[in-house]
Amino acid sequence: MNIMKMISAEKIYKSFDELEVLKGVSLDVEKGEVVAIIGPSGSGKSTFLRCMNRLELIDGGSITIGGDQLVSTTSDGKVVYVEEAKARMICRRTGMVFQHFNLFPHLTVLENVIEAPMTVKGIKKEEIIPEAKELLRKVGLDDKLDSYPSRLSGGQKQRVAIARALAMKPDIMLFDEPTSALDPELTGEVLKSIRQLAEEHMTMIVVTHEMGFAQDVANRVIFMDKGEIIEEGTPEEVFGNPQHQRTQAFLNHLSAR
Amino acid sequence: MDYIFNILDQLLISTQDTFSYIFRILPAMVDGTKVTLMMFFATIALSLPLGLLLSLGRISRFRLLNSAIGVYIWLFRGTPLMLQLLFVYFGLPIIPVIGEVLVLTAFQAALLAFVLNYAAYFAEIFRGGIQSIERGQYEGAKALGMTYAQMMRRIILPQVIKRVLPPVSNETITLVKDTSLIYVLAMNDLLRTARGLVQRDFSLTPFIVAGVFYLLMTFVLTKIFARLEKRYAVYDE
C-alpha cells in the first residue's frame, strides 16, 4: 500500500433506480495533489465525489482513504462497508464544500466553524475559538464572526463553509461545484481561497465548471461523461490537446458560449 | 331628579352586590383553576417529550416501529378526546389483567388520556418540522462527521423548534380549554366549579368569571410564545 495515496477509488458503480450514474470509475489521488473533475451536467462527477464521504453509498467497487479501506466488493459482488463508527472515522479525513453551502442557519459564522470540532471531536470551546478565528481570518471573514449566514453574500457563505470544513483538519478537501451557485462577480473570492489551499499543498478534488480555475490550479484534470472517465491528464494535455472527441466537443461547446 | 338618583343608587348597590358575590366565589374558582393548571402543566411536561420521541420513531427506518406509531396517531387523532377520557377511566379497569394491575385515580386517568392524545398531535407537528429541514443540512452535518444523534441534537432539532413554534402554540392554547373535558370524570376543575355555582346560586356571574380566568391563562401563554418566537427570530432560514 502506497502511503502517499490519499484516496484510492476503484471501479465505482452507482445507480439511482434504473439509471446507472457511475460505470466503473477509478481514481487515485496522491498527497498534495489537486484534481479537477470536469464534464457536462449529469456526467456523474458530483455523485462520484459524494461517494468518497458516504453521502452516496456505492453499488460496486472499493474506496480507500488515507490507507484505510472504507468499502470493498467481494468476488461475488457483495458491497461491504466497514462498520459505522469506523467508517465515520475514515470519512472524517475528508472535508466537503457544497454547491449550496449548507451552512447551519441557526448558528453564527463562528459557531458554524466551531460546532463540529466541539461536538464530534470533543475539543473545548476556548481551545477551538482561536483556531476558528484564524481560519476565518484566512478566508477574509474575521469581521463577520457574530453574523448569521442569512446576512452574508453567497461568496461569503462559501468561504465560511470552507473554514468550517478546514476546522476539522481534514487531509483531503472535496469541493462539489463550489462556485456554481454564485453570482459571477463573487466566484473570484471563493476561488482565491481554494487557490490558497492549493498553495499550502492541501490534497483536493474539485468538481467544477470553472475551466480557467481548473487549468490554473489543478495538477490533473479529469473529464467525465455519462458515468465514465473519458480522458485525464495535466491541464495542458486536456485543455491544450484533448485526445477524445467527446472532450473536444465539450470544450468547444464551452468556449463557444 | 330624585328618579335618576334612585336608579344610580340601585345600580351602585347591585354593582356592590356583584363584586361581593365575586369575592365570595373567588376561593372556589381559584381552587378549580389549580386543578385546571395542574392538568395543563402535567400534560405539557409529558406530551411534548413523548411527542418528540414518537416523531423520531415515525420517521425511523424500522418499518414496524414506524407503522405502529402511525396506527397510534391515527387512533388518537381519529377519536374524540372525550371518548378517550371515558375509555381510560371506565374502560381500562374492566379489561382482564390490565384492570387488575392498573388502578388509576380520576386525575391519573385524565392525565394519561390527555398525554396520549396530545403526544399524537405533537408527534405529527414535530414530524412535519423535521421533514421540512432541507437535505443539505443533514449532508452538511454528516460530512463533518456527526453521528445521527449529534446531528439531530445540534443541527436539526434546534431548527425544528423555530418552525414548529406556531403550531405548538396553537395546540397548547387548545389544551388549556380542553382540560375542561375532565368534568366527565367528576373532577372539580375551573369550569365544573363554575357550573356548580351557577346551578346553586341561579347567577351567570360564575361563568363570566371562569371565562375571564381562561382568557387570562391563554393571554399569558400567547405572550410566552410570542417571546419565544421573537427569540428564535434572530436568524433567518
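A look at the interface of chain B and chain A
Stage number 1. Between chain B and chain A, the contact holds 22 residues from the first and 25 residues from the second.
Stage number 2. For the pairing of chain B and chain A, the buried interface totals around 2,100 Å² over both sides, and the portion due to carbon and sulfur atoms is 60%.
Stage number 3. Linking chain B with chain A are 3 salt bridges, by the criterion used here.
Stage number 4. Taking the shortest distance from any N to any O, the salt bridge between Arg154 of chain B and Glu115 of chain A comes out at 2.7 Å.
Stage number 5. At the boundary of chain B and chain A, one finds 8 residue pairs in polar contact (both at pLDDT 80 or more).
Stage number 6. Elements represented by at least two residues in the side of chain B that touches chain A include exactly α6 (135–143) and α7 (148–178) of chain B.
Stage number 7. Split by residue class, the side of chain B that touches chain A holds 8 nonpolar, 7 polar and 7 charged.

Brief notes about the packing of aromatic side chains
Stage number 1. Applying the stated criterion across every chain yields a total of 8 aromatic pairs over all chains.
Stage number 2. An angle of 70° between the planes, with centres 5.1 Å apart, marks the rings of Phe40 of chain B and Phe41 of chain B as edge-to-face.
Stage number 3. Relative accessible area serves as the criterion here: at 6%, Phe40 of chain B is assigned to the buried category.
Stage number 4. Considering the side-chain rings of Tyr118 of chain B and Tyr121 of chain B, the 6.4 Å spacing of their centres and the 45° angle between planes classify their relative orientation as tilted. Of this pair, Tyr118 of chain B and Tyr121 of chain B both sit in helix α5 (residues 106–131), 3 residues apart, which is roughly one turn of that helix.
Stage number 5. Looking at Tyr121 of chain B, the relative accessible area reads 27%, which means it is partly exposed.
Stage number 6. Here a set of aromatic residues connected by ring pairs shows up, and it is made of Tyr118, Tyr121, Phe122 and Phe126 of chain B.
Stage number 7. Lying over the aromatic face of Phe104 of chain A, Arg164 of chain A brings its terminal NZ or CZ to 4.4 Å of the ring centre.
Stage number 8. For Arg77 of chain B, the ring lying beneath its charged end belongs to Tyr121 of chain B, and the centroid distance is 6.0 Å.

Describing the confidence of the model for chain A
Stage number 1. Counting all residues, the mean pLDDT for chain A is 93, and 98% of those residues have values of 70 or more.
Stage number 2. Per-element averaging of pLDDT across chain A places helix α9 (residues 245–256) of chain A at the bottom with 86 and helix α3 (residues 109–119) of chain A at the top with 97.

Some details on α3 of chain A
Stage number 1. For α3 of chain A, a buried count of 9 out of 11 residues is recorded, marking the element as mostly surrounded by other parts of the structure.
Stage number 2. Of all the positions in α3 of chain A, only Val109, Leu110, Asn112, Val113, Ile114, Glu115, Ala116, Pro117 and Thr119 of chain A are classed as buried.
Stage number 3. In this fold, the buried residues of α3 of chain A make contact with α4 (125–138) and α5 (154–166) of chain A together with α7 of chain B.

Here we look at the packing of α7 of chain B against helix α9 (residues 205–232) of chain B
Residues and elements named next belong to chain B.
Stage number 1. Where α7 meets α9, the closest approach of the two axes is 10 Å, and the angle between their N-to-C directions is 175°. When the axes of α7 and α9 are compared, the pair comes out roughly antiparallel. The residues of α9 that touch α7, namely those facing Pro158, Ile161, Lys162, Leu165, Pro166, Val168, Ser169, Thr172, Ile173 and Val176, are Tyr214, Met217, Thr218, Leu221, Thr222, Phe225, Leu228, Glu229 and Tyr232.
Stage number 2. Residue composition of the contact of α7 with α9, by class: 13 nonpolar, 4 polar and 2 charged.

Thresholds applied
Residues numbered from 1 in each chain as written. Chains lettered and ligands numbered in written order. Predicted model: local features only at pLDDT ≥ 70, side-chain atom pairs only at ≥ 80, totals over all residues. Heavy atoms only, no water. Contact = heavy atoms within 4.5 Å. Buried area = accessible area lost by both parts, 1.4 Å probe. Salt bridge = Lys/Arg side-chain N within 4 Å of Asp/Glu carboxyl O. Polar contact = N/O pair within 3.5 Å; in protein donor to acceptor, adjacent residues only side chain to side chain. Helix = DSSP H or I, 4+ residues; strand = E, 2+ residues; numbered from the N terminus. Nonpolar A, V, L, I, M, F, W, Y, C, P; charged D, E, K, R; others polar. Phe/Tyr/Trp six-rings, centres within 6.5 Å; stacked < 30°, edge-to-face > 60°. Buried < 20%, exposed > 50% of the residue type's maximum accessible area, 1.4 Å probe, protein only. Lys NZ or Arg CZ within 6 Å of the ring centre and 35° of its normal. pLDDT = per-residue confidence, 0-100. Axes fitted to C-alpha atoms, helices over the stretch in contact; angles between N-to-C directions. Parallel < 35°, antiparallel > 145°, perpendicular 65-115°, else oblique.

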